[in-house]
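Structural characterization, general
Chain by chain, the residues:
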Amino acid sequence: MIDKAWRAVTPLTIHSCFKKSGFPSPNLVDVNNTLPEFNAEPSLWEALPEQDLTFDDYMLVDMDIAVWGALSDAEIVALDHNNTKGDEDESKELTPITLSEA
């Protein structure tokens, strides 16, 4: 149903929406002369594999991907130790560069 509705949207419809929302006319292209017909190749749509996905399946597709985790005390200490080494390098005094050197 969504696919059918999206295919019904023409370049002229999109052009009119941009024009009505206040985009300046010089930035809009003439849809009659430059835009190709988007539905010229229906075989491409037919070549897409059909999938029996529900909306819930779509929303939960990446549920099993780990995006966070709990660190052990040893891992936290190791991270802090690595950051401390980096802080020592930053403590060196920097000499300003003159305009001619730059």
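Residues numbered from 1 in each chain as written. Predicted model: local features only at pLDDT ≥ 70, side-chain atom pairs only at ≥ 80, totals over all residues. Heavy atoms only, no water.

In the annotation of an unreviewed UniProt entry, the entry for the chain reads DDE-1 domain-containing protein, and the organism field reads Trichonephila clavipes.

**Some thoughts on the overall build of the chain**
The following threshold applies: Counting from the N terminus, the helices are DSSP H or I runs at least four residues long and the strands are E runs at least two residues long. Only protein chains enter the accessibility calculation, which uses a 1.4 Å probe. A residue is then buried if its area is under 20% of the maximum for its type, exposed if over 50%, and partly exposed in between. Note on areas: Shrake-Rupley, 1.4 Å probe, and residue coverage restricted to the protein chains presented here.
The helix and strand inventory of the chain stands at five helices and zero strands. Mapped in sequence order, the helices and strands of the chain form the string α-α-α-α-α. By residue count, 4% of the 102 residues in the chain fall in the buried class. Element-wise, carbon and sulfur atoms account for 60% of the exposed surface of the chain, whose accessible area totals about 10200 Å².

**Notes on a nonpolar patch on the surface**
Inclusion rule: A patch consists of residues whose relative accessible area exceeds 30% and which take part in no salt bridge; residues with like charges are grouped when within 9 Å of each other, and nonpolar side chains (Val, Leu, Ile, Met, Phe, Trp, Tyr) when within 5 Å. Salt bridges are counted wherever a side-chain nitrogen of Lys or Arg sits within 4 Å of a carboxyl oxygen of Asp or Glu.
Residues Trp6, Val9, Ile14, Phe18, Phe23, Trp45 and Leu48 make up a contiguous nonpolar surface patch of about 670 Å² in total accessible area. With respect to the helices and strands, leucine 48 occurs in the loop between helix H3 (42–47) and helix H4 (55–59).

**Points about the layout of surface pockets**
Going by this rule: Grid points spaced at 1 Å over the protein atoms alone were grouped into cavities, where a 1.4 Å probe fits but cannot get out, and pockets, open sets with protein on both sides within 12 Å along at least five of seven lines, with lining residues defined by an atom within 4 Å of a point. Grid points are joined across faces, edges and corners, and a volume is the space filled by probe spheres set on the points. Throughout this entry, Asp, Glu, Lys and Arg are counted as charged residues, while Ala, Val, Leu, Ile, Met, Phe, Trp, Tyr, Cys and Pro are counted as nonpolar. The remaining residues, Gly among them, count as polar.
Approximately 230 Å³ is the volume found for the largest pocket. For the largest pocket, the full set of lining residues is Asp3, Arg7, Trp45, Glu46, Leu48, Pro49, Glu50 and Gln51. Listing elements by their share of the lining of the largest pocket, those giving two or more residues are helix H1 (2–7) and H3. For the lining of the largest pocket, the residue count by class is three nonpolar, one polar and four charged.

**Section: the pattern of salt bridges**
This model, assessed by the stated rule, comprises one salt bridge. Between aspartate 3 and arginine 7 there is a salt bridge, and its shortest N-O distance comes to 3.2 Å. Placement of both aspartate 3 and arginine 7 in helix H1 is noted, with a separation of four residues, approximately one turn of the helix. On the basis of relative accessibility, which here comes to 35%, the residue aspartate 3 falls in the partly exposed class.

**Section: the confidence of the model for the chain**
This is how it is decided: For every residue, the predictor states its confidence as a pLDDT score lying anywhere from 0 to 100.
For the chain, per-residue confidence averages 75 on the pLDDT scale, and 72% of positions sit at 70 or higher. Within the chain, no element has a lower average pLDDT than helix H5 (residues 73–90), which sits at 71, and none a higher one than H4, at 85.

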